[in-house]
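Structure at a glance
Residue strings, one per chain:
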Amino acid sequence: MKILHLDANHPLLINQLNDLGFTNHEDYTSSKIDIQQKINQYDGFIIRSRFSIDKTFLDAATNLKFIGRVGAGLENIDCDYAQSKGIALIAAPEGNRNAVGEHSLAMLLSLFNKLNKGDKEVREGKWLREDNRGLELDGKTVGLIGYGNMGKAFAKKLRGFDVKVLCYDLKPNVADTNATQVPLSKLQDQADVLSLHTPETPSTINMIDAKFINGFKKPFWLINTARGKSVVTSDLVSALKTGKILGAGLDVLEYEKSSFENLFTDNKMPEAFKYLIKADNVILSPHVAGWTIESKEKLAQTIVDKIKSQFI
């Protein structure tokens, strides 16, 4: 079987596939059109997020048996159409779930302890102890929306704290010893912290809007290490201004799929984002919750293991 690699990944991916007898070709620079013209030569291809895999591309891949996505989600692939053509879809959420769990916890503790604000002030010669008095996580209720690999990993990290962990998921019976599954209304009634762990689907795009936010009984903290389009940024900012949301840790943004850097150079910065980058109670990171030294290797190994189990 011939495999085309469309993004660079950990070297073990190609090395181990070579050892298993696969023929591996790499093309990290050609356009989607150019790739499409030769994809019929391959039995499989492996991608991260270089471009979307649509019906036209899949129709050109006449010999395709599988698509490997070195990441957790498959939203850049027309999954229904691929599966209708008998193409196996291989993702690797097991590979970076621990990294996401740790990053979510890091963001939450940083917010509670005002670490970004305090660090900035000390570097500016300010020693403001009372202004940086923090909160303790113990005694709080943490609500998780989405309780798959990522949600479960975060809940596991919370076991060392005296917290109540609630989860809401569309699938029934996903709870475990680390979280209690509840209806959304109960989560909104009790949560002090909301953490998102959902894929990007039509039902999750713009899910966190003003109506959803106002459905919470108490002011709460928001952590989003899932997908940027799940949160309506302007509604988030409005809630931050009123205190309905006490602070936010955002590893993902609704703007990131466009040319993010141009927001800063072409006077195109949305007003809501201008607020976020100046807010002391907001922590931002560039979609790296799942990007650790360890997860890069784990993601690649997971893809190899799954290809091996299905095609060897």
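The following refers to the structure shown. (Residues numbered from 1 in each chain as written. Predicted model: local features only at pLDDT ≥ 70, side-chain atom pairs only at ≥ 80, totals over all residues. Heavy atoms only, no water.)

1. Focus: the packing of aromatic side chains
If you walk through the whole model with that rule in mind, you get eight aromatic pairs. Taking the centre distance of 5.6 Å and the plane angle of 75 degrees together, the rings of Phe-45 and Phe-57 count as edge-to-face. With Phe-45 in strand β3 (residues 44-47) and Phe-57 in helix α3 (residues 55-60), this residue pair connects regions lying 12 residues apart in the sequence. For the pair shown, Phe-45 and Phe-57 are each scored as buried. (Phe/Tyr/Trp six-rings, centres within 6.5 Å; stacked < 30°, edge-to-face > 60°. Helix = DSSP H or I, 4+ residues; strand = E, 2+ residues; numbered from the N terminus. Buried < 20%, exposed > 50% of the residue type's maximum accessible area, 1.4 Å probe, protein only.)

2. Some points on the nonpolar core
Counting residues in hydrophobic clusters, the biggest one holds 32 residues, and the most contacted among them are Leu-194, Leu-196, Ile-208, Leu-222, Leu-236, Ile-245 and Leu-276. In terms of residue count, the dominant contributor to this core is helix α10 (residues 233-242) (four residues). Within the second largest apolar cluster, 21 residues are counted, among which are Leu-111, Phe-112, Ala-155 and Val-193. (Core = buried A, V, L, I, M, F, W, Y, C linked by side-chain atoms within 4.5 Å.)

3. Examining the side chain of His-5
As for its position among the elements, His-5 is in strand β1 (residues 2-5). By relative accessible area, which is 1% here, His-5 ends up buried. Among the polar contacts listed, one links the side chain of His-5 to the side chain of Asn-24, at a separation of 2.7 Å. (Polar contact = N/O pair within 3.5 Å; in protein donor to acceptor, adjacent residues only side chain to side chain.)

4. Here we look at the packing of helix α1 (residues 11-19) against helix α13 (residues 293-311)
The contact between α1 and α13 brings their axes to 8 Å, and the two run at 25 degrees. Judged on the interaxial angle alone, α13 and α1 are roughly parallel. Of the two possible hands of crossing, α1 and α13 adopt the one that is right-handed. Of the residues in α13, those touching α1 at Leu-12, Leu-13, Gln-16 and Leu-17 are Glu-297, Ala-300, Gln-301, Ile-303, Val-304 and Ile-307. Residue composition of the contact of α1 with α13, grouped by class: seven nonpolar, two polar and one charged. (Axes fitted to C-alpha atoms, helices over the stretch in contact; angles between N-to-C directions. Parallel < 35°, antiparallel > 145°, perpendicular 65-115°, else oblique. Left-handed = near helix turned anticlockwise from the far one by under 90°. Contact = heavy atoms within 4.5 Å. Nonpolar A, V, L, I, M, F, W, Y, C, P; charged D, E, K, R; others polar.)

5. Some words on the sheet that holds strand β12 (residues 282-284)
An order of β8-β7-β6-β9-β10-β11-β12 is seen for the seven strands of this open sheet, with the pairing classed as parallel. Sheet topology places β8 (180-181) and β12 at the edges, where each strand pairs with a single neighbour. Pairing of strand β6 (residues 141-145) with strand β7 (residues 164-168), which is carried by five bridges, proceeds in the parallel orientation. Counted as the bridge partner of Thr-141 is Lys-164 from β7. Of the strands in this sheet, β9 (193-196), β10 (220-224), β11 (245-250) and β12 touch helix α5 (residues 93-112), which is tilted by about 145 degrees from β10. (Pairing = 2+ DSSP bridges.)

6. Quick word on the sheet that holds strand β5 (residues 88-90)
Sheet architecture is open: five strands sit in the order β2-β1-β3-β4-β5, paired in parallel fashion. Only two strands of the sheet have a single partner each, and these edge strands are β2 (23-26) and β5. Neighbour to neighbour, the strand axes of the sheet diverge by 20 degrees on average, direction disregarded. Across the face of the sheet, α13 comes into contact with β3, β4 (66-69) and β5 while running at roughly 155 degrees to β5.

7. Some thoughts on helix α6 (residues 115-123)
Among the residues of α6, those classed as buried are Lys-117, Gly-118 and Glu-121. Axial view of α6: buried residues confined to an arc of 95 degrees, hence all on one face. Phi turns positive one or two residues past the end of α6, at Gly-125, with a value near 85 degrees. (Arc of directions from axis to C-beta.)

8. Points about unusual backbone geometry
Its identity as a non-glycine residue notwithstanding, Asn-206 has a phi of 60 degrees, on the positive side. Inspection of the secondary structure puts Asn-206 in the loop between β9 and α9 (210-214). Judged by its relative accessible area of 43%, Asn-206 falls in the partly exposed class. A positive phi is found at His-287, a non-glycine position, where the angle reads about 55 degrees. Among the structural elements, His-287 can be located in the loop between β12 and α13. Owing to a relative accessible area of 27%, His-287 belongs among the partly exposed residues under this scheme.

9. Here's the deal with the pattern of salt bridges
Counting across every chain of the model gives 14 salt bridges. The closest approach of N and O atoms between Lys-38 and Asp-27, which form a salt bridge, is 2.7 Å. Taken together, the residues Lys-38 in helix α2 (residues 32-38) and Asp-27 in the loop between β2 and α2 connect sequence positions 11 residues apart. In this structure, Asp-119 engages Arg-123 in a salt bridge whose closest nitrogen and oxygen atoms are separated by 2.8 Å. (Salt bridge = Lys/Arg side-chain N within 4 Å of Asp/Glu carboxyl O.)

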